[in-house]
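# Report on the structure
Below, each chain spelled out in residue letters.
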Amino acid sequence: MATPSIPRWKRIVFKPSGEALAGASGQGLDGETLDATAREIVAVREMGVDVIVVVGGGNFWRGRQGAMAGMDATQSDHIGMLGTVMNSLALQDALERAGQITRVQTAIEMPRIAEPYIRRRAMRHLEKGRVVIFAAGTGNPFFTTDTAAALRGAEIGAQIVLKATKVDGVYSADPKLEPTATRYSKISFDNAISQNLGIMDATAFALCRDQKLPIKVFSIFKHGALKRVVMGEDEGTLVYA
Ligand code: UDP
C-alpha cells in the first residue's frame, strides 16, 4: 500500500533537547547533528506543515547544576536560558544554510541578535512559511523548555508538541535497568500519571493535559523520525487526552 502523503498534523511544536543538538558527546554543539536536524525540519516544512521550534539548553547548562553547587537558583536559570539562545542561533544558521527562512524570537529581549517574542508576529511568520524558533524558554526562572514548548504551542494553536530526545519513546520501565521494558505506542495523560511515568516536568505535562495538547516523544537520532511522526506513523509514543 502506498504511504499516505497527507501530514497528520498541520502545525507542530518541535522540541529537541539541548543534548539532541550536541551529537554523541552530549555537550556543546555538533555541526553534523545540527545539519541533520535542519534537514528533518525542512522535510516537514516541504509538506506544508507550520513548524515552531523550542530548543532546550541542557548541552550547555541546566539550572539545577548551578543551584546544587550553591549558586543562586534564579541566576543559574538565567545562564540556562542563555544556553537555549546559543542553540537557537546555531539551528537558525543550519536551517538557513539548508534554504529554510527562519526567525528566532527570544523570551528575554536581545534585539541585536533576534526578535523579541511577539505572538502575532510569530503567527505571521508561520503564515509566510518561515520556521519560528523560540529561544530563552519562557523567559522565567524555575521553568523548563518543555514548559515553554507547551506554553507557546497553546498560545500559537499548535496541534501537538513533538519532544525529541535520546530515547525513542515512553517505556513501561527504564529500559537501561529493566531489559523487558516495553515501549508504549500511545498512552493517555491519565494512565501516564497513574503509572508515574516521567514524560515531561509536571508543569509542562499539566499544561498539555489541561489544553488537550497531545505530546509525542521520539528519538531525534533516528533518521527521518520527525517526518514519520508528522505523518502519524507508529514512531515513539503518543500521549493523548
Ligand atoms: N530555563 C529556565 N526557564 C525556562 C526554560 C529554561 O530557567 O523557561 C533554564 C533552566 O535552567 C534549564 C535550562 O534553561 O535547566 C535549559 O533548559 P532545559 O533544561 O529545559 O533544556 P533541555 O533539558 O531540554 O536540554
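Everything discussed here concerns the structure shown above.
The shown structure was predicted, so the numbers you read here are calculated from the model rather than taken from an experiment.

Cut-offs applied
Residues numbered from 1 in each chain as written. Predicted model: local features only at pLDDT ≥ 70, side-chain atom pairs only at ≥ 80, totals over all residues. Heavy atoms only, no water. Salt bridge = Lys/Arg side-chain N within 4 Å of Asp/Glu carboxyl O. Helix = DSSP H or I, 4+ residues; strand = E, 2+ residues; numbered from the N terminus. Buried < 20%, exposed > 50% of the residue type's maximum accessible area, 1.4 Å probe, protein only. Polar contact = N/O pair within 3.5 Å; in protein donor to acceptor, adjacent residues only side chain to side chain. Contact = heavy atoms within 4.5 Å. Near = heavy atom within 4 Å. Nonpolar A, V, L, I, M, F, W, Y, C, P; charged D, E, K, R; others polar. Axes fitted to C-alpha atoms, helices over the stretch in contact; angles between N-to-C directions. Parallel < 35°, antiparallel > 145°, perpendicular 65-115°, else oblique. Left-handed = near helix turned anticlockwise from the far one by under 90°.

### Considering the pattern of salt bridges
- A full pass over the atoms with the stated rule returns 16 salt bridges.
- With its nearest N and O atoms 3.0 Å apart, the salt bridge here joins Asp93 to Arg97. Here Asp93 pairs with Arg97, and both are found in helix α3 (residues 73-97), just 4 residues apart, close to one helical turn.
- Judged by its relative accessible area of 42%, Asp93 falls in the partly exposed class.
- One salt bridge connects Arg124 with Glu127, and the closest N-O pair in it is separated by 3.0 Å. Of this pair, Arg124 and Glu127 both sit in helix α4 (residues 119-127), separated by 3 residues, roughly a single helical turn.
- Using a relative accessible area of 44% as the deciding quantity, one classes Arg124 as partly exposed.

### Here's the deal with the side chain of Asp50
- Structurally, Asp50 can be placed in strand β2 (residues 50-54).
- When its relative accessible area of 11% is taken as the criterion, Asp50 is described as buried.
- Of the polar contacts made by the side chain of Asp50, one reaches the side chain of Arg11; its length is 3.0 Å.
- Once residues within four sequence positions are removed from consideration, Asp50 is found in contact with Lys10, Arg11, Ile12, Arg45 and Leu126.

### Observations regarding the side chain of Ser219
- Along the chain, Ser219 turns up in strand β8 (residues 215-219).
- Since its relative accessible area comes to 4%, Ser219 is described here as buried.
- Of note is the side chain of Ser219, whose polar atom sits 3.0 Å from the backbone nitrogen of Phe221.
- Those residues within four positions of Ser219 in sequence are excluded, and the remaining contacts are Thr165, Lys166, Val167, Asp168 and Ala225.

### Structural notes on the site of the ligand
- Of all residues adjacent to the ligand, which total 19 residues, the nearest are Gly18, Asp77, Thr138, Asn140 and Thr145.
- Gly63 is positioned such that a nitrogen or oxygen atom in its backbone is 2.9 Å from an oxygen atom of the ligand.
- Here the shell around the ligand gets 3 residues from one element, more than from any other, and that element is α3.
- Across the shell around the ligand, the residue classes break down as 4 nonpolar, 12 polar and 3 charged.

### What to know about the packing of helix α5 (residues 145-156) against helix α7 (residues 202-210)
- With their axes 8 Å apart at the nearest point, α5 and α7 run at an angle of 15° to one another. Classed by the angle they form, the pair α5 and α7 counts as roughly parallel. Considering how the two elements wind past one another, α5 and α7 form a crossing that is left-handed. Taken together, the residues of α7 that come into contact with α5 (itself represented by Asp146, Thr147, Ala150 and Leu151) are Thr203, Ala204, Leu207 and Cys208.
- Counted by class, the contact of α5 with α7 contains 5 nonpolar, 2 polar and 1 charged residues.

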